[in-house]
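Letter by letter, the chains look like this.
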Amino acid sequence: MEQKIDLENIDPVVLYGINESRLEKIRAQFPKIKIVARGNEIKLLGETEEIKRFEERLEFIKNHLNKYNTLSDNELESILCYKDEKATLHAGGGDVVLYAVNGIPIRPRNENQQKMVKEFGRSDLVFATGPAGTGKTYLAVALAVRALKNGNVHKIILCRPAVEAGEKIGFLPGDMKEKLDPYMQALYDALYDMIPAKKLEDMIEDRIVQIAPLAFMRGRTLSDAAVILDEAQNSTISQLKMFLTRIGENSKFIVTGDETQVDIPDKRQSGLAHALKILNGIEGISFVKFNRSDVVRHKVVKKIIEAYEKTDFFEKDK
């Protein structure tokens, strides 16, 4: 029997190893078939049953890479040698949300992050609010990527109010992606931590991952999606109402923001502050309030936030 396999979404260098060191280990486990590897294609020659067994092992490897974004020599050997689905190795901790591209586990780092993970599981809409540096956006993206990888949703939609351009980006140079990139950089940074660059680019091209300004959400029904609105304090009341009413079947929405960093001209029109007041107590909506003790950035960030909280700056500015 002859079979050709396309290594879709797998980096051949990761699978084959340096100087094909890993490929030799794979060949040693399948002595009854000839394995010829060229780039993204593997050609198999041999017994039908052995080829089927090879395809099963390869599927385990794909699943492992998709889930953990890394594959060590020991993990490869375990996958090749196990006789059943235990070949997909244990995650190494029940609180791991996702494994980053570099293999580092992404876990909740404080009590409110743990609450955010829990509320995302039980509610269709989660508001995560509080000061900068508390990991709201990063964790929101991790939860969305996990939902996509687990097949709970079919796409990820990330948006922000493009305040600096007054939500009117048509005059900016470049194509749509180039116009949006400066406003979405924090979201891109998180995504590139969690999804290999080439795979992410393909997912954006195929619209599995969509990134757009808030104004572009009007008229859409967002179903089978993990949807994140970041910097929601810079949405107006009418904009946030529009966004929240986009929720479709089998969707999860996360709204993140900091009420003290409103950049729209009339701060009284901030949609986030308004929504937090009127939506409290509605079934299916959860609220996670972060504070300066939850800051996970550089230790000086906590001190900066504390210094600002001691002033009446924001009160005067309203």
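Residues numbered from 1 in each chain as written. Predicted model: local features only at pLDDT ≥ 70, side-chain atom pairs only at ≥ 80, totals over all residues. Heavy atoms only, no water.

Attention now goes to the overall build of the protein chain. When you go through the protein chain residue by residue, the secondary structure sums to 12 helices and 11 strands. For the protein chain, the residues scored as buried account for 46% of the 318 residues in total. Across the protein chain, every contact between residues at least 6 apart in sequence was considered, and the portion connecting residues at least 24 apart equals 69%. Of the accessible surface of the protein chain, which amounts to about 17,000 Å², a share of 49% is contributed by carbon and sulfur atoms. (Helix = DSSP H or I, 4+ residues; strand = E, 2+ residues; numbered from the N terminus. Buried < 20%, exposed > 50% of the residue type's maximum accessible area, 1.4 Å probe, protein only. Contact = heavy atoms within 4.5 Å. Areas by Shrake-Rupley, 256 points an atom, 1.4 Å probe, with all protein chains shown as cover.)

Turning our eyes to something else, we now look at the sheet that holds strand E2 (residues 33–38). Spatial ordering of the open sheet is given by E1-E3-E2, a layout of 3 strands whose pairing is antiparallel. Every other strand in the sheet has two partners, leaving strand E1 (2–6) and E2 as the edge strands with one partner each. Pairwise comparison of adjacent strand axes, ignoring direction, gives a mean angle of 20 degrees for this sheet. (Pairing = 2+ DSSP bridges. Axes fitted to C-alpha atoms, helices over the stretch in contact; angles between N-to-C directions.)

Glancing now at the pattern of salt bridges. What the rule picks out here adds up to 11 salt bridges. Here Arg 27 and Glu 20 are joined by a salt bridge, their closest N and O atoms 3.8 Å apart. The exposure class assigned to Arg 27 is partly exposed, which follows from its relative accessible area of 25%. With a shortest N-O distance of 3.4 Å, Arg 160 and Glu 231 are connected by a salt bridge. Of this pair, Arg 160 sits in strand E7 (residues 155–160) while Glu 231 sits in the loop between strand E9 (225–229) and helix H9 (237–244), and the two are 71 residues apart along the sequence. (Salt bridge = Lys/Arg side-chain N within 4 Å of Asp/Glu carboxyl O.)

Quick look at the packing of aromatic side chains now. Taken as a whole and assessed by the stated rule, the structure comprises 4 aromatic pairs. Note on Phe 30 and Phe 54: the rings are 5.2 Å apart at their centroids and 75 degrees apart in plane angle, and the pair reads as edge-to-face. Of the two residues, Phe 30 sits in the loop between helix H2 (21–29) and E2 while Phe 54 sits in helix H3 (residues 48–68), which places them 24 residues apart along the sequence. Residues Phe 30 and Phe 54 agree in their burial class; the two are buried. For the pair Phe 127 and Phe 287, a centre-to-centre distance of 5.3 Å together with 10 degrees between the ring planes defines the contact as stacked. Within this pair, whereas Phe 127 is found in strand E6 (residues 125–129), its partner Phe 287 is found in strand E11 (residues 285–289), the two being separated by 160 residues in sequence. Sitting over the face of the ring of Phe 120, Lys 252 holds its NZ or CZ atom 5.5 Å from the ring centroid. (Phe/Tyr/Trp six-rings, centres within 6.5 Å; stacked < 30°, edge-to-face > 60°. Lys NZ or Arg CZ within 6 Å of the ring centre and 35° of its normal.)

Attention shifts here to H3. Helical geometry: 3.6 residues make up each α-helical turn, so side chains three or four residues apart lie on a common side. With 21 residues, H3 extends 30 Å between its outermost C-alpha atoms, agreeing within 8% with the 30 Å of an ideal straight helix rising 1.5 Å per residue. For H3, every residue scored as buried is listed here: Glu 50, Ile 51, Phe 54, Arg 57, Leu 58, Phe 60, Ile 61, His 64, Leu 65 and Tyr 68. Phi turns positive, to about 60 degrees, at Asn 69, one or two residues after H3. (Expected span 1.5 Å × (residues − 1).)

A separate point is the sheet that holds E7. Taken together, the 6 strands give an open sheet; going across it, the order is E8-E7-E9-E10-E6-E11, and neighbouring strands pair in parallel fashion. This sheet does not close on itself; its edge strands, each paired only once, are strand E8 (209–213) and E11. Taken pair by pair, the neighbouring strands of this sheet meet at an average axis angle of 15 degrees, ignoring direction. The pairing of E6 with strand E10 (residues 252–257) spans 5 bridges and is classified as parallel.

Detailed reading of the predicted coordinates is not advisable wherever pLDDT is low. Taken over all residues, the pLDDT of the protein chain has a mean of 84, while the share at 70 or more is 86%. Considering only residues more than four positions removed or in separate chains, one finds that residues 83–94, a stretch of pLDDT under 50, has 20 contacts. (pLDDT = per-residue confidence, 0-100.)

The next subject is helix H6 (residues 136–149). Between its first and last C-alpha atoms H6 spans 20 Å; for 14 residues at 1.5 Å apiece the expected length is 20 Å, and the two agree. Gly 151 sits one or two residues past H6 and shows a positive phi near 80 degrees.

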